[in-house]
Amino acid sequence: QVRVVESGGGLVQPGGSLRLSCAASGSIFSINSMGWYRQAPGKERELVASITTGGGTNSADSVKGRFTISRDNAKNTVYLQMNSLQPEDTAVYYCRVVASIVYIYWGQGTQVTVSS
């Protein structure tokens, strides 16, 4: 059984910061990549940022320069540091883990709300 657990969401004012964490545990082998997706009300789920075991990263244009993804391979944990948050960043943020190339695991999501 595999568990993917996110934490760190909440309510923040525009211009503020939050740090999300995601830990994968259980019978999971050969993690290839970990990443963050988000889904706002009425919109499709979209990639925010991802990182491979080797450290290669990919991120959406809308978050470049504001969000930073990092990873602790030994702990199977990925982080998303979000700075200069804006109301349009409001969404449920989901962690996605890709293992052994073909297995995809999702967390339950954590709400991020940016509002004054």
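Please read all numbers here as calculations on a predicted model, not as lab measurements.

(A) Just the overall build of the chain, in detail. Regarding its fold elements, the chain presents zero helices and eleven strands. The C-alpha atoms of the chain give a radius of gyration of 14 Å, which matches the 13 Å a tight globule of 116 residues would have. In the chain, the proportion of contacts linking residues at least 24 apart, taken out of those at least 6 apart, comes to 54%. Carbon and sulfur atoms make up 47% of the accessible area of the chain, which amounts to about 6200 Å² in all.

(B) The state of the cysteines, seen in detail. Under the defined criterion, the tally for this structure stands at one disulfide. Note on cysteine connectivity: Cys22 is disulfide-linked to Cys95, with sulfurs 2.0 Å apart. Negative torsions about the S-S bond denote left-handed disulfides, and the value of about -80° found for Cys22 with Cys95 makes this one left-handed. With a gap of 73 residues between them, Cys22 in strand 3 (residues 18-26) and Cys95 in strand 9 (residues 91-99) connect regions that are remote in the sequence.

(C) Geometry of the pattern of salt bridges. Counted under the stated rule, the structure contains four salt bridges. For Glu46, the salt bridge is made with Arg38, and the minimal N-O distance between the two is 2.8 Å. Residue Glu46 is classed as partly exposed on the basis of its relative accessible area of 37%. Overall, Arg38 belongs to the buried group, its relative accessible area being 7%. Between Lys64 and Asp61 there is a salt bridge, with the nearest N and O atoms lying 3.2 Å from each other. The partly exposed category is assigned to Lys64, whose relative accessible area is 49%. Classification of Asp61 by relative accessible area gives exposed; the value is 65%. Members of the salt-bridge network, linked through shared partners, are Arg38, Glu46, Arg66 and Asp89.

(D) The sheet that holds strand 3, seen in detail. Here four strands make up an open sheet; going across it, the order is 1-3-8-7 and the pairing antiparallel. Bordering the open sheet on either side are strand 1 (2-7) and strand 7 (67-72), each of which pairs with just one other strand. Within this sheet the neighbouring strands show an average axis-to-axis angle of 15°, counted without direction. Where strand 1 and strand 3 come together, six bridges link them in antiparallel fashion. Paired with Val2 across the strands is Gly26, a residue of strand 3.

(E) Layout of the pairing of strand 4 (residues 31-39). Most of strand 4 is tucked away: seven of the nine residues are buried. Here strand 4 runs beside strand 9; their pairing, made up of eight bridges, is antiparallel. Among the inter-strand pairings, Ile31 is bridged to a residue of strand 9, identified as Ala99. Two elements, strand 4 and strand 5 (residues 46-52), share six bridges in a ladder whose sense is antiparallel. Paired with Trp36 across the strands is Ala49, a residue of strand 5. Connecting strand 4 to the antiparallel partner strand 5 that follows it, the hairpin turn spans six residues, and Gly42 within it adopts a positive phi of roughly 80°.

About the cut-offs
Residues numbered from 1 in each chain as written. Predicted model: local features only at pLDDT ≥ 70, side-chain atom pairs only at ≥ 80, totals over all residues. Heavy atoms only, no water. Helix = DSSP H or I, 4+ residues; strand = E, 2+ residues; numbered from the N terminus. Rg over C-alpha atoms; globule rule 2.2 N^0.38 Å. Contact = heavy atoms within 4.5 Å. Areas by Shrake-Rupley, 256 points an atom, 1.4 Å probe, with all protein chains shown as cover. Disulfide = S-S within 2.5 Å. Salt bridge = Lys/Arg side-chain N within 4 Å of Asp/Glu carboxyl O. Buried < 20%, exposed > 50% of the residue type's maximum accessible area, 1.4 Å probe, protein only. Pairing = 2+ DSSP bridges. Axes fitted to C-alpha atoms, helices over the stretch in contact; angles between N-to-C directions.

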